[in-house]
Amino acid sequence: MHEAWEKYERLLAQIRGLQRVLVAFSGGVDSTFLLKASLEAVGPENVLAVTADSETYPERERDAATELAAELGSPHVVIETSELAIPGYAENPVNRCYFCKFDLFSHLAPIGRERGFEHLVFGAIADDLGDFRPGLQAAKEQGVHAPLQDVMLYKREIRHLSKALGLRTWDKPSMACLSSRIPYGERITVEKLSMVDQAEFFLQQLGFRQLRVRHHESTARIEVPPEQIVDVAKLADMITTKFQEIGYRYVTLDLQGYRTGSLNELLPKYAVSARQ
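What you see is a predicted model; the values in this text were computed from it and never measured. (Residues numbered from 1 in each chain as written. Predicted model: local features only at pLDDT ≥ 70, side-chain atom pairs only at ≥ 80, totals over all residues. Heavy atoms only, no water.)

## Re helix α10 (residues 236–246)
Every buried residue of α10 is listed here: Ile239, Phe243 and Ile246. Across the axial projection of α10, the buried residues extend over an arc of 50°, all falling on one side. Exposed and oriented more than 90 degrees from the buried face of α10 are Asp237 and Glu245. On its buried face, α10 sits against α8 (190–205), β5 (212–216), β6 (219–223), α9 (229–234) and β7 (250–253). (Buried < 20%, exposed > 50% of the residue type's maximum accessible area, 1.4 Å probe, protein only. Helix = DSSP H or I, 4+ residues; strand = E, 2+ residues; numbered from the N terminus. Arc of directions from axis to C-beta. Contact = heavy atoms within 4.5 Å.)

Structural data, given as structure tokens:
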């Protein structure tokens, strides 16, 4: 992984060139790594981490982000936003992520200007290039920097470097907003988001880490890595009972296992490469 460390040095140099940065911080693998690099590059007095709390962001993730920022010694602010209040978002179009990111950056930019942080950075990575990522367009339109992507850091390299740097997020499961569990075209509601959140949290409490619960109205479709499918099946009665309490009538187990963007498999070919 010598090349990864070379990329890391280029990353630090790029952030130093920005001098003062506001980091869009979710507490995930990539944004935590970016925050760590920013703090090393320019010091905590020149960094501000901002977390947007909304209906699509689990409360436990917000709390984890707050803890991580404190551990890293970063100034940190949590703001309230609402994706469901964005015109067009709740209808769940294919470019839903564009609306989300455009609104997020619109909230963060004024905070940065007021506090003297001219440059806004977020955790897009090299893996995102070539994928169907409407959020990248929103970032481009608003002049938001993606330093990890600029130096071509891939997820596997970010995990390796995160572990070496002592970040406990190095092996954290990939996380996407809760809206990504609802098929495009189906209206997003607080109730649906809550059902997904409760269902996934229950599975996490049972010891499953990388997972998704896809919401198909009255049906929950569980995705876990293929090697864990049997483990879920063994707990079928317990899981079914809990999911029905949450509000699902039917509980299914996807035999293809966990994969990013499974709901995009229903889209036309041009969008099949999307990742959620």
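Don't stop here, the text continues.
## Topic: the packing of helix α1 (residues 2–18) against helix α7 (residues 155–164)
Between α1 and α7, whose axes approach to 10 Å, the crossing angle comes to 80°. It follows that α1 is roughly perpendicular to α7 by the angle criterion. For the pair α1 and α7, the contacting residues are Ala4, Trp5, Lys7 and Tyr8 in the first and Glu157, His160, Leu161 and Ala164 in the second. In the contact of α1 with α7, the residues fall into five nonpolar, one polar and two charged. (Axes fitted to C-alpha atoms, helices over the stretch in contact; angles between N-to-C directions. Parallel < 35°, antiparallel > 145°, perpendicular 65-115°, else oblique. Nonpolar A, V, L, I, M, F, W, Y, C, P; charged D, E, K, R; others polar.)

## Section: the nonpolar core
Grouped together as the largest cluster of nonpolar side chains are 31 residues, with contacts concentrated most on Leu11, Ile15, Phe33, Leu148 and Leu153. Broken down by secondary-structure element, the contributors of at least two residues to this core are α1, β1 (21–24), α2 (29–42), β2 (47–53), α3 (59–72) and α7. Considering each element in turn, this core owes the most residues, eight residues, to α2. Setting aside its immediate chain neighbours within four residues, Leu11 contacts Phe33, Ala37, Pro147, Leu148, Val151 and Leu153. (Core = buried A, V, L, I, M, F, W, Y, C linked by side-chain atoms within 4.5 Å.)

## Describing unusual backbone geometry
Positive phi outside glycine occurs at Gln19, with the angle close to 75°. Here Gln19 is to be found in the loop between α1 and β1. The class for Gln19 is exposed, based on a relative accessible area of 56%.

## Quick look at the UniProt feature "domain: NAD/GMP synthase" (unreviewed entry) in the protein
As annotated by UniProt and renumbered to match this structure, "domain: NAD/GMP synthase" (unreviewed entry) occupies residues 16–81. In the segment residues 16–81, helix accounts for 47% and strand for 24%; the C-alpha atoms at its two ends are 30 Å apart. (UniProt positions renumbered as here; feature names shortened; annotations may be inferred.)

## Some thoughts on the pattern of salt bridges
According to the stated counting rule, one finds 18 salt bridges in the structure shown. When the shortest N-O distance is used, the salt bridge between Glu157 and Lys7 registers 3.0 Å. Of this pair, Glu157 sits in helix α7 while Lys7 sits in helix α1, and the two are 150 residues apart along the sequence. In this structure, Glu157 and Lys7 share a single accessibility class: buried. (Salt bridge = Lys/Arg side-chain N within 4 Å of Asp/Glu carboxyl O.)

## What to know about the sheet that holds strand β3 (residues 76–80)
The four strands lie next to each other as β3-β2-β1-β4, forming an open sheet whose pairing is parallel. Of all strands in the sheet, those bounded by a partner on one side alone are β3 and β4 (119–121). Strand-to-strand, the axes of this sheet are offset by a mean angle of 30°, without reference to chain direction. As paired elements, β1 and β4 share three bridges and run parallel to each other. Residue pairing for β4: Val21 is matched across the bridge by His119. The strands touched by α3 are β2 and β3; relative to β3, the strand with the most contacts, the crossing angle is about 160°. (Pairing = 2+ DSSP bridges.)

## What to know about the packing of aromatic side chains
The final tally for this structure, using the stated rule, is six aromatic pairs. When the centroid spacing of 5.8 Å and the interplanar angle of 90° are considered together, the rings of Trp5 and Tyr8 count as edge-to-face. Note that Trp5 and Tyr8 are positioned in helix α1 at a spacing of three residues, about one turn of the helix. Assessed through its relative accessible area of 32%, Trp5 is described here as partly exposed. For the pair Tyr98 and Phe99, a centre-to-centre distance of 6.1 Å together with 80° between the ring planes defines the contact as edge-to-face. Through a chain of ring-to-ring contacts, three or more aromatic side chains come together here, namely Trp5, Tyr8 and Phe33. (Phe/Tyr/Trp six-rings, centres within 6.5 Å; stacked < 30°, edge-to-face > 60°.)

## Brief notes about the environment of Ser218
Position of Ser218 relative to the elements: it lies in the loop between β5 and β6. You can call Ser218 partly exposed: its relative accessible area is 33%. Separated by 16 residues in sequence, Ser218 and Phe202 place their C-alpha atoms 18 Å apart. Apart from residues lying up to four places away in sequence, Ser218 is in contact with Tyr248, Arg249 and Tyr250.

## Notes on the sheet that holds β5
The three strands lie next to each other as β5-β6-β7, forming an open sheet whose pairing is mixed. Strands at the two margins of the open sheet, each flanked by one partner only, are β5 and β7. Within the sheet, the average angular offset between the axes of one strand and its neighbour, ignoring direction, is 25°. Note that β5 and β6 share five bridges and pair antiparallel. Looking at β6, one finds that Arg212 is bridged to Glu223. The sheet contacts of α8 involve β5 and β6, and relative to β5 the element is tilted by about 150°.

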